[in-house]
Amino acid sequence: MSNIKKYILTAVTLGLIAASGALLIAGANMITRERIAQNEKESVNKGIAKIFNDGQIGQDFEVDDEIKGYYPDVKYSKHVYEIVKSNGGDNPSTYLEGLAIQTTGSNNYGKVSLIIGFTKDCVYKGLSVISNEQSFASTLKKGYLDEIKDGDKTIDDVSVSCGATYGAKLVRAMVEEAKELTRILTMTDKGANNG
Amino acid sequence: MAKEKGKNMKNFLKGIIAENPLFVSILGTCPALATTKSLEAAIGMGFLFTIVLICSSILVSLLRKLISEEIRTPAYIVIIATFVTLVKMFANAFLPELYSTLGVFISLIVVNCIVLGRAEAYASKNTVKDSLIDALGMGVGYTLAIMLMAIFREFLGTGGFSFGVIFTFIPEVSWLPLEKFAINIFQMPAGAFIVFGIILAVLAFIKNRKAEKKAALEKLEKQRKAEEAKKAAAAAQAQAVEGGNK
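Residues numbered from 1 in each chain as written. Chains lettered and ligands numbered in written order. Predicted model: local features only at pLDDT ≥ 70, side-chain atom pairs only at ≥ 80, totals over all residues.

What am I meant to see in the overall build of chain B here?
Of the regular secondary structure elements, chain B holds nine helices and two strands. Overall, chain B shows an N-to-C arrangement of helices and strands of α-α-α-α-α-α-α-α-β-β-α. Principal-axis analysis of the C-alpha atoms places the extent of chain B at approximately 95 × 60 × 35 Å. Counting every position in chain B, which comprises 246 residues, the buried fraction comes to 37%. Residue pairs in contact within chain B that sit at least 24 positions apart in sequence constitute 75% of those at least 6 positions apart. (Helix = DSSP H or I, 4+ residues; strand = E, 2+ residues; numbered from the N terminus. Buried ≥ 20, exposed ≤ 12 C-beta atoms within 10 Å, placed from the backbone. Contact = placed C-beta atoms within 7 Å.)

Explanation requested: unusual backbone geometry in the structure shown.
Across residues other than glycine, the phi torsion is negative in most instances, and most of the peptide bonds are trans. Of note in this structure, Cys122(A) is not a glycine but carries a positive phi near 65 degrees. For Cys122(A), the position within the fold is in the loop between β4 (110-119) and β5 (124-132). Residue class for Cys122(A) comes out partly exposed when judged on the 17 C-beta atoms lying within 10 Å of it. Despite not being glycine, Ile26(B) shows a phi value in the positive range, around 50 degrees. Among the structural elements, Ile26(B) can be located in the loop between α1 (2-16) and α2 (29-34).

Please explain the confidence of the model for chain B as it appears in this structure.
Chain-level statistics for chain B give a pLDDT mean of 91 and a share of 99% at 70 or above. Here the predicted complex carries an ipTM of 0.78, next to a pTM of 0.80. (pLDDT = per-residue confidence, 0-100.)

Looking at this structure, I do not really get the domain arrangement of chain B. What am I missing?
Note on interface size: it is often stated as the accessible area lost on association of the parts. All names here are of chain B. In terms of domains, chain B is made up of domain 1 (2-183) and domain 2 (188-246). Contacts between the two partners involve eight residues from domain 1, matched on the other side by nine residues from domain 2. Per-element tally for the side of domain 1 that touches domain 2: the top contributor is helix α8 (residues 128-158), with five residues. Across the side of domain 1 that touches domain 2, the residue classes break down as five nonpolar, two polar and one charged. (Domains from an automatic or database assignment. Nonpolar A, V, L, I, M, F, W, Y, C, P; charged D, E, K, R; others polar.)

I'm lost on the sheet that holds strand β1 (residues 56-62) of chain A in this one. Help?
Strands pair in a sheet through their backbones, by hydrogen bonds, and they do so in one of two ways: parallel or antiparallel. Residue and element names in this part refer to chain A. Pairing is antiparallel across the open sheet formed by five strands, whose spatial order is β1-β2-β3-β4-β5. Two strands lie at the open edges of the sheet, namely β1 and β5, each paired on one side alone. Neighbour-to-neighbour, the strand axes of the sheet open up by a mean angle of 20 degrees, direction not taken into account. Summarising the sheet, strand β2 (residues 77-86) and strand β3 (residues 94-107) pair through nine bridges and their orientation is antiparallel. Along β3, the bridge assignment pairs His 79 with Gln 102. Sheet strands in contact with helix α1 (residues 2-51) are β1, β2, β3, β4 and β5, and its direction is about 155 degrees off that of β5. (Pairing = 2+ DSSP bridges. Axes fitted to C-alpha atoms, helices over the stretch in contact; angles between N-to-C directions.)

Sorry, what's going on with the nonpolar core here?
Ranked by size, the top nonpolar core spans 57 residues in total, and within it Val52(B) and Ile146(B) carry the most contacts. Taken together, the elements giving at least two residues each to this core come down to α2, α3 (39-62), α4 (72-94), α5 (96-102), α6 (104-107), α7 (113-123), α8 and α9 (189-245) of chain B. The biggest single contributor to this core is α3(B), with 12 residues. Looking at which domains feed residues into this core, each of domain 1 (2-183) and domain 2 (188-246) of chain B gives three or more. In this structure, Val44(A), Tyr76(A), Ala100(A) and Ile116(A) belong to the second largest nonpolar core, which totals 29 residues. (Core = buried A, V, L, I, M, F, W, Y, C linked by C-beta atoms within 7 Å.)

Which parts of the structure should I look at to understand α3(B)?
Counting along an α-helix, one turn takes 3.6 residues, and residues three or four places apart therefore face a common direction. In this model α3(B) runs 34 Å from its N-terminal to its C-terminal C-alpha over 24 residues, within 8% of the 34 Å that 1.5 Å per residue would give. Burial runs high along α3(B): 18 of the 24 residues are buried. (Expected span 1.5 Å × (residues − 1).)

Even after reading the chapter, I still don't get the interface of chain B and chain A, so can you show me in this structure?
On the side of chain A, 20 residues touch chain B, which itself brings 24 residues to the contact. Elements represented by at least two residues in the side of chain B that touches chain A include exactly α4, α5 and α6 of chain B. Among the elements that take part in the side of chain B that touches chain A, α4(B) stands out by supplying 12 residues, more than any other. Split into classes, the residues belonging to the side of chain B that touches chain A amount to 16 nonpolar, seven polar and one charged.

Looking at this model, I keep getting lost on the environment of Pro74(B). Mind explaining?
In this fold, Pro74(B) is placed in helix α4. In this structure the C-alpha to C-alpha distance between Pro74(B) and Ala216(B), which are 142 residues apart in sequence, comes to 49 Å.

In this structure, what is going on with α7(B)? I would like to understand it.
All names here are of chain B. Ile 114, Val 115, Arg 118, Ala 119, Tyr 122 and Ala 123 are the residues of α7 that are buried. The buried residues of α7 occupy an angular sector of 135 degrees when the element is viewed end-on, so they sit on one face. Those residues of α7 hidden inside the fold are in contact with α3, α4 and α8. (Arc of directions from axis to C-beta.)

Teacher, can you tell me more about the pairing of β5(A) here?
Successive residues of a regular strand alternate their side chains across the two faces of the sheet. Residue and element names in this part refer to chain A. Note: β4 against β5, seven bridges, orientation antiparallel. Paired with Phe 118 across the two strands is Tyr 124, which belongs to β5. Between β4 and β5, which pair antiparallel and follow one another directly, the connecting turn spans four residues, one of which, Cys 122, has a positive phi of 65 degrees.

Okay, here's the thing in structure tokens:
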């Protein structure tokens, strides 16, 4: 009988500690949620600005079931931003410069979130790391994949030995998917609204 | 009162010098090697680590009579994990650059042996006040230790220091007088091992010298005492001979 009482007391104590912890975390989540979302948005905007220096963000949309209908294998791409440029002068109209695709992927070593930019002709513009939980912020060598910018090389030609092979392979897969998605979206109405 | 103050000070200082978790106990080396690329990152890591250590030590000490022997370790892990999650969320919200720089190493505080070690070895057996002072001392000691490593690594690896990159609330300032002579390896993991090894070697050298000095002094003292005893025996013998002659 005393053993049962002891077991119950032990379970209740541990349960209470866990419940208090959960409540604290829930409270902290309520306080920080908006701020974290705002920070993420800012870092996405910064990332896009880094890739498309003078472009502006036009429409943006989630990679939803409609897009998945065109590209069922889509795995990493989460959000698409259309990058538009002004026609200049007094002309208020804009034209589509390219797409910036927010991608998130993970492997055994953690998660990586990137913004990958392609021009409307599917030429790689660059990528920007939004968050990197794989290692001490060094998964990618500076300028990794830059050699495919000129179009001399394809993604397949690029060496994956860029500091952390696993991270690089994941990034390469994300870039490949983003390229395919750009190709599909620029061919369909969805990505060519401003074209 | 003065005795109490002295005890508290001793309790606080032991974490910084005599029982420094990094340089004496060699605990928490993984984040110490990974987050000491820059002084700012080290300060940030030390700050977050100290908060987790203080909060978990206080709570463990408060609940020490309620937590039974059988569930001690899981209970401590839950408590530490809760505080690490809170710290992670607040860092993500209010110090996003620090959050992205430290990356996975914030989460890894959960498994840092210093935090669990202090909860198990100290907070679970002592009062809240003593646990708070101990945690503060250990936290400050760890922060100072990783800051020392970061000073060497950043200076040798970049040729100077930069501020305001991670703590964006202060203006960005760079002082890089030896940028041309920067040795890249000190910014890499190998550099962290080299710096850590050199610091440990220097500390061991100082400790050994102190021990040698102490041993030499003790030997001298022993010799002095033996000589004194010899002299006293000779004097006593002379006195006895003199007494016999009389």
